[in-house]
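Secondary and tertiary structure notes
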Amino acid sequence: MSCQEVCELLDAYLDKELDVVTSSRFERHLTECAVCRAKWDQYRQMHDSIKSRIQYFQAPEEFQQRLRAHLRPPERPQSRITRREWVPQWRPWAMAASIVAVLLFAALLFQMARRPSRSEVVAEEVVSSHIRSLLANHLSDVVSSDQHTVKPWFSGKLDFAPVVKDLASQGFPLAGGRLDYLNNRPVAALVYKRRQHTINLFQWPSPASDSGRRTLTIRGYNVAHWTHAHMAYWAVSDVNAGDLGQFVHDLQQ
Ligand SMILES: [Zn+2]
């Protein structure tokens, strides 16, 4: 099995959807390939951390009581059953069957809802990558505050040209850039500063149409995401939400 195949099967393996043969080929590759093993560990940890933050909801007591009342057979007078009375005896069964169908459908919806969406997974990856860049002392491959140095550095390393803007006069000086790997592809990471804080701005091509800025907070980090001119942008930092909003605004000007 190739590294590419392993990459594509991460989800299916995690959900135990692979057949025995593919599973064992997948596992064999992991024992032999340190790169995929590291990717798998990171993916699994991310999945666990998302799952542990999912909220579970219990049906309200009133709804449970109504459900129990429906399932209880109606009290019938002790008299001989006429043909007319015999027919409605089906009703509790029909009722129970439809309730089971509704519960199955609700369970299916619940299952779909608790599975993290693609964009939640990417948001987690973005934050992990930001943290890793600060921890591993691997913030920049090209250290420069000059956009005309940083932008050409990427050429030949990526299949797209990232948008590199100098925002020094707005209080967000460019500090450099590096290659990173997110959303199963190589991406451009630009590093900006805000006082003592670091802002990582990730970019890669996206087929999605333009979208406004969406913001979220993950593990204390503020994250902003938008799409423009078929490029996906993700900005992440420990600066406050106001500063990050200002950064995105200045960048979009
Ligand atoms: Zn591999």
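This text gives an overview of the structure that appears in the document. Every value quoted in this text rests on a predicted model; they were computed, and no experiment measured them. The written sequence of each chain sets the order in which its residues are numbered from 1. Only residues with pLDDT of 70 or above have their local features reported here, since the model is predicted, and side-chain atom pairs are shown and tallied only from 80 upward, although totals for entire chains, interfaces and linings are computed over all residues. Working from all heavy atoms in the structure, the side-chain values ignore hydrogens and water.

Let us look at the coordination of the zinc ion. Bound to the zinc ion on the protein side are Cys3 (SG), His29 (NE2), Cys33 (SG) and Cys36 (SG), at distances that span 2.1 to 2.3 Å. Coordination here is defined by N, O and S atoms within 2.8 Å of the metal (3.2 Å for Na, K and Ca), and since water is not considered, a site can look incomplete. Metal sites are grouped by the angles between bound donors: all angles between 85 and 135 degrees with four donors is tetrahedral, opposite donors over 155 degrees apart with the others between 65 and 115 is square planar for four donors and octahedral for six, and any other pattern is irregular. Taken together, the 4 donor atoms surrounding the zinc ion define angles of 99 to 120 degrees at the centre, an arrangement classified as tetrahedral. Within one chain, the residues serving as donors to the zinc ion are arranged as C-x25-H-x3-C-x2-C. Of this pair, Cys3 sits in helix α1 (residues 3–14) while Cys36 sits in helix α3 (residues 34–52), placing them 33 residues apart in sequence. Exposure remark for Cys3: the relative accessible area of 38% places this residue in the partly exposed category. Runs of H or I in DSSP of at least four residues are treated as helices and runs of E of at least two as strands, each being numbered from the N terminus. Partly exposed residues are those whose accessible area sits between 20% and 50% of the maximum for their type, while under 20% is buried and over 50% is exposed, using a 1.4 Å probe and protein chains only.

Checked against the element boundaries, Arg185 lands in strand β3 (residues 185–194). The class for Arg185 is buried, based on a relative accessible area of 18%. Contacts were defined at the residue level, with two residues in contact if any of their heavy atoms lie within 4.5 Å. Those residues within four positions of Arg185 in sequence are excluded, and the remaining contacts are Asp159, Phe160, Asp180, Trp204 and Pro205.

Let us now look at the nonpolar core. Definition of nonpolar core: a set of buried residues of the types Ala, Val, Leu, Ile, Met, Phe, Trp, Tyr and Cys, connected through side-chain atoms within 4.5 Å. Residues Tyr192, Leu201, Phe202, Trp204, Trp226, Trp234 and Phe247 are the most contacted members of the largest nonpolar core, which totals 40 residues. Not counting the four nearest positions on each side in its chain, Trp226 is found in contact with Leu201, Ser211, Gly212, Arg213, Met231, Ala232, Tyr233, Ala235, Val248, Leu251 and Gln252. Counting residues in hydrophobic clusters, the runner-up holds 15 residues, among them Tyr13, Phe26, Leu30 and Cys33.

A word on the environment of Asp238. Looking at where Asp238 falls in the secondary structure, it is placed in the loop between β7 (231–237) and α9 (241–252). What makes Asp238 partly exposed here is its relative accessible area of 42%. Along the chain, Asp238 and Val143 lie 95 residues apart, while their C-alpha atoms are 21 Å from each other. Ignoring any residue separated from it by four or fewer positions in sequence, one finds Asp238 in contact with His130, His197, Thr198 and Tyr221. Within the structure, the side chain of Asp238 is placed 3.1 Å from the side chain of His197, a separation counted as a polar contact. Two N or O atoms form a polar contact when they lie within 3.5 Å of each other; inside protein one atom must be a possible hydrogen donor and the other a possible acceptor, and for residues adjacent in sequence the pair counts only when both atoms belong to side chains.

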